[in-house]
Amino acid sequence: MSEQPDGAYPRINGKILKSSEHANKIVSLVGNIEAFDGTSIQLKCADGVIASVQCEPDAEVMQGCMYELIGLANDNGTLQLFVSRELTPDMDMDIYNRMILDVQLNPKFSSYFLPA
Amino acid sequence: MSLTHGAISAMVRSGEGHHATPDFQPTVQIINIKSVGNKNTGSDRYRLILSDGEHYCNGMLTTQLNGLIHSGEITQDCLVRVDEYMINKIQNRMLTIVMKMEVLQPHEGRIGEPNDVDKTLNMAKSTAPASEAQPMYNRTNVQPSSNPYNSNGNSSGASANKPTSPSNPYGGSSYNNRTSPSSAPIIRTTTTSGVPITPIAQLNMYQNRWTIKARVTTKSDIRTWSNARGEGSLFSVELLDASAHDIKCTFFKDAVDKFYGMLEQDSVYTFSGGRIKVANQQYNTCKSGYEITFDANAEIHLVPDEGEIQAQIYDFVKISSLEQMEANKTVDLLAIVKSVGEVANLISKKSGNELTKCDLTLVDDSGVDINCTLWGEKAHEAATKFANQPVVAFRRLRLSDYGGKSCSTTQGTGGGQISPDIPEARALQKWWSDTGGQSTRSLSSSVGGSGKLDSLPDRKTVQTIKMEHLGLNNPDKPDYLTFKGTLTFIKKDKDGGAWYTACARSEEPCKNRFKVTQTTDGNWFCDKCQGTFPNCVRRWIFSGTVADDTSTTWVSFFNEQAEMLLGGNVTADQVFEETYSEEADQDKYDSYFARANHSDWVFKCRVKQENLGDETRVKASVVNMMPLDYAQESRDMLQAISNF
């Protein structure tokens, strides 16, 4: 892993993951589990793009639920899962996506998202 | 010093209307002065006979110059210079009203043997077509010897330095150059039938015969009155003519029946036969200093709209500027009707009459919206008239402090003009289609009650209470604010519980609100309705602290909000049952409050000054509160961020 400050990880959506922009860095991916076969997860991300996530068989995820998945972004556009956090199903994905694109990635506000 | 030769005939033949030119200021002799005032009303009017040695004419002195008579400056046979005068035709005779003059010198005896100019020149047929109505002093002059009107380089030929056709003098700026600043331009035109039209700007009380051509810019509803002197009905209109002056006209009794249906807003008519009186400034916001009353004898004819009269004169302000304006001012607004409310009927507290109203939300490109209440007829038409969010120009809306800031229609508002053909309207339309009016801030908050609370752009913070000195501006009027905050502490440990005992009577006058005290035999006595009941209703009352990232404040919670706070519909009676009545269950009691503590809400509070003995304190109480809708909040925040 590169010099990623401890505890600082960007929130991304499917498109950003696939672009390998954050390859070899820890990222956070929020989405709905479309399919889970024990070793890989198909996650529908905030922007609707389906991302591929590799995980261990004991991963605590259930199909159909909303999760925040934190892991290492691979340079092939997939995510290696470390931890998952369950979210309530009423999470509004559109707002989350807009937050990522319009706020977090907005050059105007980049100073607010720097690691402490 | 000699009298100006031919002055009298020149003046009298200069045609009806106002005259004041620097190159015609004749010297004449006042050969007669007679008081014709009405001793009953105390009005003082003087009739004059003016002479130039050859002719004399009848005239009046403008009341503003009465002082010259009282001071003795004007004496019989004195010589004066007339600087400004008006010609009125009264029963086929010309009357010269002297508006401005200077007494040059006293004189003994009458100069010359003047004859009555009216007889000499035979002015009977004065409804001549326009070309003859031009002032005499511009035509080739047949009088011998010195002629004042030729002296100044005026062309002695045809009217070269007057603008072209008299039928459109409004564009003629050379008129304005030649008249003294205090007078209106000499505007004269005729209708196709040859009747001379008087501009509204030139109407005055001395003239009884006039015809104006104007557009009906506003038309009020019919109102009836009934007082000791009788009763009747009336309606009023405002008329605007090509001189950009408007005037208020009222139709009484029979005139109402005759003309109410006929007159339509925005159409152009000729009007004559009305009576002119001085305007009542309190109710009249027109430009003219006069008002007209019409009875059934009025003559009104529809004429084709030739486009020389504006649809309306406006003086628009931006909605954002209303925030700072005082209440009761009247303004003109050009705005998009963002939404139209329901029509509601209510009884006026003041008059007891039933009123109809409809609320609109108006927004303009200053990014602020405001509530606008339509009254009367306009309320009924609103839903259809203002569908599809049109651009509307409203005139003379009255601003008020109700609900923050809001406005309402007045007599002078008319129905509002939809999509007026002016550049500002087009600009506003474009702004609306570009931005959709998303980011508007509201000046009108919802008043009391449950329902929608102010959304993010309208919210303040707890700090606002101190910073804006809320509650201190006016001891009688509370301030309101909405903020998002977290409950940090609830003062629940009052003796007997965080409630008070209230009257069991749920109808008027008590409505379960008023306090009851326990009697010796275990009943409850209410001071308000003087009733005694075996039971009482407990209602929450307690205070707590609420904080946000800026500050903390104490607020009081009353029953409705407290029930919501404690978990939905938790009534005081219920908690009392569970925790106090049989045995004291402090833990259970505490648990209710513990649940509520540290919860987030959007609070709407009333902040008011209260006197406790010598001290005056500002107290805040919660009038409404809503749980946070995180998705909506996020959306609002995203919007606010994108507008940043």
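Residues numbered from 1 in each chain as written. Chains lettered and ligands numbered in written order. Predicted model: local features only at pLDDT ≥ 70, side-chain atom pairs only at ≥ 80, totals over all residues. Heavy atoms only, no water.

Enquirer: Account for the pattern of salt bridges, naming residues and giving values.
Expert: Where charged atoms of side chains with opposite charge meet at close range, the side chains can pair. Residues and elements named next belong to chain B. Tallied over the entire structure, the rule returns 17 salt bridges over all chains. One salt bridge in this structure joins E615 and R617, with 2.9 Å as the shortest N-O distance. On the basis of relative accessible area, E615 is assigned to the partly exposed category, the value being 44%. Residue R617 is classed as partly exposed on the basis of its relative accessible area, which comes to 41%. (Salt bridge = Lys/Arg side-chain N within 4 Å of Asp/Glu carboxyl O. Buried < 20%, exposed > 50% of the residue type's maximum accessible area, 1.4 Å probe, protein only.)

Enquirer: I'd like a rundown of the interface of chain A and chain B, residues and numbers included.
Expert: Each side of the interface is counted separately: chain A has 7 residues, and chain B has 6 residues. Summing the contributions of chain A and of chain B, the shared interface buries around 670 Å²; its carbon and sulfur component is 70%. Its largest share of buried area at the contact with chain B, chain A owes to I95(A), R98(A) and F109(A), together 60% of the area lost on that side. Linking chain A with chain B are 1 salt bridge, by the criterion used here. Linking chain A with chain B are 1 residue pair in polar contact (both at pLDDT 80 or more), by the criterion used here. Counted by class, the side of chain A that touches chain B contains 4 nonpolar, no polar and 3 charged residues. (Contact = heavy atoms within 4.5 Å. Buried area = accessible area lost by both parts, 1.4 Å probe. Polar contact = N/O pair within 3.5 Å; in protein donor to acceptor, adjacent residues only side chain to side chain. Nonpolar A, V, L, I, M, F, W, Y, C, P; charged D, E, K, R; others polar.)

Enquirer: Can you tell me about empty space enclosed by the protein, naming the residues and giving the values?
Expert: The method is simple in principle: a probe with the dimensions of a water molecule rolls over the atoms, and the space it marks as empty is what remains. Residue and element names in this part refer to chain B. Applying the stated rule across the entire model yields 1 cavity of 30 Å³ or more. Put simply, the largest cavity is a space of about 60 Å³. Lining the largest cavity are 12 residues, and of these T217, Q265, Q312, Y314 and Q417 lie nearest its centre. Element by element, the count of residues in the lining of the largest cavity is highest for strand β21 (residues 391-400), at 3 residues. Taken together, the residues of the lining of the largest cavity break down into 4 nonpolar, 6 polar and 2 charged. (1 Å grid on protein atoms, 1.4 Å probe; cavity = no way out; pocket = protein on both sides within 12 Å on 5 of 7 lines; lining within 4 Å. Points joined across faces, edges and corners; volume = space filled by probe spheres on them. Helix = DSSP H or I, 4+ residues; strand = E, 2+ residues; numbered from the N terminus.)

Enquirer: Got a sec to walk through the environment of G416(B)? Specific residues and values, please.
Expert: Residues and elements named next belong to chain B. With respect to the helices and strands, G416 occurs in the loop between β22 (406-409) and β23 (417-418). Judged by its relative accessible area of 11%, G416 falls in the buried class. Discounting chain neighbours no more than four positions away, the residues touching G416 are K385, V392, A393 and F394.

Enquirer: Hey, could you go over the environment of V303(B) for me, with residue numbers and the actual values?
Expert: All names here are of chain B. As for its position among the elements, V303 is in the loop between β17 (299-302) and α7 (319-322). A C-alpha to C-alpha distance of 5.8 Å links V303 and V268, two positions 35 residues apart in sequence. Excluding its chain neighbours within four sequence positions, the residues that come into contact with V303 are K213, V268, Y269 and T270.

Enquirer: Account for unusual backbone geometry, with residues named and values stated.
Expert: Residues and elements named next belong to chain B. Even without a glycine there, the phi angle at D77 is positive, about 70°. Within the secondary structure, D77 is located in the loop between α2 (66-70) and β5 (79-90). Since its relative accessible area comes to 11%, D77 is described here as buried. Its identity as a non-glycine residue notwithstanding, Q530 has a phi of 60°, on the positive side. Here Q530 lies in the loop between β28 (524-526) and β29 (532-533). By relative accessible area, Q530 is classed as exposed at 55%.

Enquirer: Quick one: what's the story with helix α13 (residues 586-596) of chain B, residue by residue and with numbers?
Expert: Residues and elements named next belong to chain B. Along α13, the residues classified as buried are Y589, Y592, F593 and A596. In a view along the axis of α13, the buried residues occupy a sector of 85°, so they form one face of it. Facing away from the buried side of α13 by more than 90 degrees, the exposed set consists of D587, A594 and R595. In this structure, the buried residues of α13 make contact with β25 (479-491), β26 (499-502), β30 (537-540), β31 (542-547), α11 (559-565) and α12 (572-581). Positioned one or two residues after α13, H598 has a phi angle of 70°, which is positive. (Arc of directions from axis to C-beta.)

Enquirer: Quick rundown of the packing of aromatic side chains? Include the residues and the values.
Expert: Both the distance between ring centres and the angle between the ring planes are used here to describe each pair of aromatic rings. Residue and element names in this part refer to chain B. Following the criterion strictly, the structure yields 23 aromatic pairs over all chains and no others. Ring centres of F386 and F394 lie 5.8 Å apart, and the angle between their planes is 50°; this geometry places the pair in the tilted category. With respect to burial, F386 and F394 carry one shared label: buried. One residue, K219, lies across the ring of Y260, its end atom 4.2 Å from the ring centre. The lysine or arginine in question, R538, covers the ring of F576, its NZ or CZ lying 3.4 Å from the ring centre. (Phe/Tyr/Trp six-rings, centres within 6.5 Å; stacked < 30°, edge-to-face > 60°. Lys NZ or Arg CZ within 6 Å of the ring centre and 35° of its normal.)

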